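Spelled out from the first residue to the last, the chains are:
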Amino acid sequence: GKTPIVIAGNLNLEGTPIRELPEGLSVGGDLILYDTQIRELPEGLSVGGGLSLYGTPIRELPDGLSVGGDLYLSGTPIRELPPDLKVGGKILGFKS
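Residues numbered from 1 in each chain as written. Predicted model: local features only at pLDDT ≥ 70, side-chain atom pairs only at ≥ 80, totals over all residues. Heavy atoms only, no water.

Draft legend 1. Geometry of the layout of surface pockets. Volume-wise, the largest pocket comes out at about 200 Å³. Every residue along the wall of the largest pocket is listed here: Arg39, Glu40, Leu41, Pro42, Glu43, Ile58, Arg59, Glu60, Leu61, Pro62 and Asp63. A breakdown of the residues in the lining of the largest pocket according to their chemical character gives five nonpolar, no polar and six charged. (1 Å grid on protein atoms, 1.4 Å probe; cavity = no way out; pocket = protein on both sides within 12 Å on 5 of 7 lines; lining within 4 Å. Points joined across faces, edges and corners; volume = space filled by probe spheres on them. Nonpolar A, V, L, I, M, F, W, Y, C, P; charged D, E, K, R; others polar.)

Draft legend 2. Representation of the sheet that holds strand 9 (residues 86-87) within the structure. Taken in spatial order, the five strands make up an open sheet running 1-3-5-7-9, and their pairing is parallel. Sheet topology places strand 1 (5-7) and strand 9 at the edges, where each strand pairs with a single neighbour. Both strand 3 (residues 25-27) and strand 5 (residues 46-47) contribute to a ladder of two bridges, which runs parallel. Each residue of the ladder has a partner; that of Ser26, found in strand 5, is Ser46. (Pairing = 2+ DSSP bridges. Helix = DSSP H or I, 4+ residues; strand = E, 2+ residues; numbered from the N terminus.)

Draft legend 3. Inspection of the sheet that holds strand 8 (residues 71-72) at higher detail. The five strands are arranged 2-4-6-8-10 in an open sheet whose pairing can be described as parallel. A single partner strand is all that each edge strand has here, and the edge strands are strand 2 (11-12) and strand 10 (91-92). The pairing of strand 2 with strand 4 (residues 31-32) spans two bridges and is parallel. Note that in strand 4 the partner of Asn12 across the bridge is Ile32.

Have a look at this one:
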């Protein structure tokens, strides 16, 4: 498997040209991808805090996604949630 990449605190990539995240990523705090061009998230992504995908072109969430805080989906084309999604807080901005 891939080597785990663990970030203890928050990871704020807002407005950066990032298009993908590495496999095995784990973020202890918030992961902020607001206004980036990211197209997909790695399978098994773990976020201890909130996950903000506002204004990204992500179409679907990966299998094994775990979010400890709130999941912000406003301004994304996401229309369905994976069956194994774990969210500790609220899911905000999702329109089924």
